[in-house]
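# A structural walkthrough
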Amino acid sequence: MQTSLSQEWYKFRHQPGPLLGLLVLLGLMLIMALSAPVTQSAVVMGFGTPQWLLMIIVIIGANFFIMEDQHTTIRTLLYRHTYRWSIYLAKLLILSLYTGVLVLLSLLFTGLLKIVFAPQLSWQDGQLFSHLLVGMAGTFLVAILLLTIILWLACLFPINTVVIGLGLILVLTGQGIASLTIDANPMLTAILKWQPLNMLNLMAQLPDSSYQKDTHLSNVQLLVGAIGYSGFFLAIGYWRFKHKRV
């Protein structure tokens, strides 16, 4: 496992994408801060961090996982390792670490932007800091769920444009689709509220409980659902990777 981690980390840090993704995230946050008056809501949402971060994770994750299929080096990699789980898990751990770094830096940058552009706002007003913190935690958990889905999709369709396209559709429309399906089928709400797309609402509902009327789930239920589906997609993704033909 340690060998796989070292190899995957070496490959990851020599890609230009991760650094570019970080710079793009911070740049978009700055644009959000400059484009409109800074409000409590803007600070709580990390100047758009959740949506931008998930989009970046989709692109970086898909490219990182699929690059060896495109470069035809996956065959050599699999033949050198007896246990494919160590390769799959190492890739997920590296991407999870990168996600954690993005969340932490966006949290710090949000604080800096708030100090520069909205010094009149107090961290104690409406529990501003605590809402920001739980929102970022929710974003991290949703990003991990999204990563497990992306890796599963990458095993099914080893073409980065396809996986990135599907991932961006999930990010941009997943929450809306979940709400529409629940509202359109009130008799099935008890079942449909547990669909994986509904778990994407975790990052929005943690700092704002008003979303519960749309999700029909409590914060704890969303948390359990997000973790549970992460485990599910991790399992089926690894199963597909284990039986991958090279």
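In the block above lies the structure referred to throughout.
Let me sum up the structure you'll find in this document.

### Structural notes on the overall build of the chain
Of the regular secondary structure elements, the chain holds twelve helices and zero strands. Its C-alpha atoms give the chain a radius of gyration of 19 Å, near enough to 18 Å, the size a compact globule of 246 residues would have. Its C-alpha atoms give the chain principal-axis dimensions of roughly 60 × 50 × 30 Å. In the chain, once contacts between residues fewer than 6 apart in sequence are set aside, the share between residues at least 24 apart is 78%. By element, 70% of the accessible surface of the chain is carried by carbon and sulfur atoms, the whole surface being about 12,300 Å². Charge separation in the chain, taken as the distance between the mean sites of 13 positive and 7 negative side-chain charges, equals 16 Å.

### Observations regarding the nonpolar core
By size, the foremost hydrophobic cluster in this structure holds 63 residues, and its most contacted members are L53, L54 and L102. Of all the elements in the fold, those that place two or more residues in this core are α2 (17-35), α3 (40-44), α4 (49-70), α6 (84-117), α7 (128-156), α8 (160-184), α10 (202-205) and α12 (219-242). Broken down by element, the residue count for this core peaks at 15 residues, all from α7. Among all residues touching L102, those that are not within four sequence positions of it are L22, L25, L53, I56 and I57.

### Thoughts on empty space enclosed by the protein
Evaluated as defined, the whole model comprises one cavity of 30 Å³ or more. There is about 40 Å³ of room inside the largest cavity. Secondary structure elements with two or more residues in the lining of the largest cavity: α4 and α7. When residues of the lining of the largest cavity are assigned to their parent elements, the largest contribution, three residues, is made by α7.

### Brief notes about the pattern of salt bridges
Overall, the coordinates contain three salt bridges when judged by the stated rule. Between K91 and E8 there is a salt bridge whose closest N-O contact spans 2.9 Å. Here E8 lies in helix α1 (residues 2-13) and K91 lies in helix α6, a separation of 83 residues in the sequence. Residues K91 and E8 agree in their burial class; the two are buried. The residue K213 makes a salt bridge to D214 at a minimum N-O spacing of 3.5 Å. Exposure remark for K213: the relative accessible area of 60% places this residue in the exposed category. Judged by relative accessible area, which is 29%, D214 ranks as partly exposed. Among the charged side chains, a salt-bridge network with shared partners connects E8, K11 and K91.

### Side note on α12
Think of an α-helix as turning once every 3.6 residues; residues three or four places apart then point the same way. The terminal C-alpha atoms of α12 lie 34 Å apart, and with 24 residues this matches the ideal 34 Å at 1.5 Å per residue to within 8%. L222, G225, A226, S230, F233, G237 and F241 are the residues of α12 that are buried.

### A few points about the packing of aromatic side chains
One pass over the structure, following the stated rule, counts eleven aromatic pairs. Ring-pair connections join several aromatic residues into one group, and the members of that group are W9, F12, F64 and Y98. Lying across the ring of F64, K91 places its NZ or CZ 5.0 Å from the centre.

### Section: the layout of surface pockets
Remark: the empty space left among the atoms is shown by a probe the size of a water molecule rolled over them. Counted as a void, the largest pocket has a volume near 180 Å³. Around the largest pocket, the lining residues are W9, F12, R13, Q15, P18, L19, L22, I94, L97, Y98 and V101. Broken down by secondary-structure element, the contributors of at least two residues to the lining of the largest pocket are α1, α2 and α6. Split by residue class, the lining of the largest pocket holds nine nonpolar, one polar and one charged.

Criteria and thresholds
- Residues numbered from 1 in each chain as written.
- Predicted model: local features only at pLDDT ≥ 70, side-chain atom pairs only at ≥ 80, totals over all residues.
- Heavy atoms only, no water.
- Helix = DSSP H or I, 4+ residues; strand = E, 2+ residues; numbered from the N terminus.
- Rg over C-alpha atoms; globule rule 2.2 N^0.38 Å.
- Contact = heavy atoms within 4.5 Å.
- Areas by Shrake-Rupley, 256 points an atom, 1.4 Å probe, with all protein chains shown as cover.
- Lys, Arg positive; Asp, Glu negative; His and termini not counted.
- Charge placed at Lys NZ, Arg CZ, Asp CG, Glu CD.
- Core = buried A, V, L, I, M, F, W, Y, C linked by side-chain atoms within 4.5 Å.
- Buried < 20%, exposed > 50% of the residue type's maximum accessible area, 1.4 Å probe, protein only.
- 1 Å grid on protein atoms, 1.4 Å probe; cavity = no way out; pocket = protein on both sides within 12 Å on 5 of 7 lines; lining within 4 Å.
- Points joined across faces, edges and corners; volume = space filled by probe spheres on them.
- Salt bridge = Lys/Arg side-chain N within 4 Å of Asp/Glu carboxyl O.
- Expected span 1.5 Å × (residues − 1).
- Phe/Tyr/Trp six-rings, centres within 6.5 Å; stacked < 30°, edge-to-face > 60°.
- Lys NZ or Arg CZ within 6 Å of the ring centre and 35° of its normal.
- Nonpolar A, V, L, I, M, F, W, Y, C, P; charged D, E, K, R; others polar.

Any functional reading would require information that these geometric values do not contain.
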